[in-house]
Amino acid sequence: MNSNPVKINGEDVAAAGMTIAEYLASANYDTKRIAVERNLEIVPKAKYAEVVLEAGDVVEIVNFVGGG
Amino acid sequence: MESVRIPSREEFRRALVQKQGEQITEKLAQATVAICGLGGLGSNIAICLARAGVKKLVLVDFDNVDVTNLQRQQFKASQVGKPKNIALAENLKEIAPYVELESFNEKVTEANIDKFVKDADIVCEAFDNPEAKSMLVNEVLEKYPQKNLVAASGMAGTDDANSIKTRKISRHFYLCGDGKSDVTKGLELLAPRVMVCAAHQALTIIRILSGLQV
């Protein structure tokens, strides 16, 4: 385990150095159905490929499912 | 036959103060809430908020009432085929005649979202389509970072009601639901479970407007 992990949805993940787009692909997220907040700020979808996760980041990936 | 007498505005206000208290009632009487999606979530949320004395509701849905909606949405058999925004506005005015309504028979997109949400104190995401949910949440968080947003994800299926929760995701963003029960995976939609989620959203909205949600 990475000693300086990123916290993603409450879990420590060895994702430092990955872009958000890379992490989302590795974890099989559908980017059309999510919202990503990094350190309490929304990450625009257009920035997923440029924002690099850093050790200590706190990330929430909200996954929307159907029904309402 | 006796004629119908609708209680006066002042009678409504006194009744609300008696049941909800002065502070909550006064705050709600100044508030505008935009409800995007008028199905199982939005129609129930709108009725909760109109009954509670919210000043103004902005109602948005592109769809018409369908017979399959009647199992869980607040429409009547006589309204099948009617635009949902019109049908819900009629029902709300019967229940709470002094609520102000602005209603739109339109699909919310990145291009037109401002028109629906710009004057609202709180935006309520109540769509059924996960891509529409994602679009609205991302747009509001990007363009209106100071606006409160109450969204929902996961209220299908037959799990018990206690798995549906309200979570604060960030400063102005709240999410209700179980986060996983997906109707697009063939799960059932049961009215009480959808209503539990709608009640979570409506209560969160009332708590935010009243200064109780920290």
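The shown structure was predicted, so the numbers you read here are calculated from the model rather than taken from an experiment.

Rules of the game
- Residues numbered from 1 in each chain as written.
- Chains lettered and ligands numbered in written order.
- Predicted model: local features only at pLDDT ≥ 70, side-chain atom pairs only at ≥ 80, totals over all residues.
- Axes fitted to C-alpha atoms, helices over the stretch in contact; angles between N-to-C directions.
- Helix = DSSP H or I, 4+ residues; strand = E, 2+ residues; numbered from the N terminus.
- Parallel < 35°, antiparallel > 145°, perpendicular 65-115°, else oblique.
- Left-handed = near helix turned anticlockwise from the far one by under 90°.
- Contact = placed C-beta atoms within 7 Å.
- Nonpolar A, V, L, I, M, F, W, Y, C, P; charged D, E, K, R; others polar.
- Pairing = 2+ DSSP bridges.
- pLDDT = per-residue confidence, 0-100.

### Some thoughts on the packing of helix α3 (residues 42-51) of chain B against helix α7 (residues 191-209) of chain B
All names here are of chain B. It is the contact of α3 with α7, at a shortest axis distance of 9 Å, that shows an interaxial angle of 40°. The angle between α3 and α7 places the two elements in the oblique class. For α3 against α7, the interelement crossing comes out right-handed. Here Asn44, Ile45, Cys48 and Leu49 of α3 lie close against α7, whose contacting residues are Met195, Ala198, Ala199, Gln201, Ala202 and Ile205. Residues of the contact of α3 with α7, tallied by class, amount to 8 nonpolar, 2 polar and no charged.

### A look at the sheet that holds strand β4 (residues 41-42) of chain A
Two orientations exist for strands paired in a sheet by backbone hydrogen bonds: parallel and antiparallel. The 5 strands lie next to each other as β2-β1-β5-β3-β4 (chain A), forming an open sheet whose pairing is mixed. Two strands bound the open sheet, and with one partner strand each, they are β2 (11-13) and β4 of chain A. Two strands pair when backbone bridges link them, and strand β1 (residues 6-8) of chain A and strand β5 (residues 58-63) of chain A are joined in this way by 2 bridges, in the parallel orientation. The residue of β5(A) that forms the bridge with Ile8(A) is Val59(A). Across the sheet, helix α6 (residues 130-143) of chain B touches β3 (34-38) and β4 of chain A, and the angle it forms with β3(A) is around 30°.

### Observations regarding the confidence of the model for chain B
The pLDDT averaged across chain B works out to 97; a share of 100% of its residues lies at or above 70. Scored as a whole, the predicted complex attains pTM 0.96, and scored at its interfaces, ipTM 0.94.

### So, the interface of chain A and chain B
Facing the 17 residues of chain A at the interface are 31 residues of chain B. Sorting the residues of the side of chain A that touches chain B by element identifies β3 and β5 of chain A as the ones contributing at least two each. Here the residues of the side of chain A that touches chain B are counted per class, giving 8 nonpolar, 4 polar and 5 charged.

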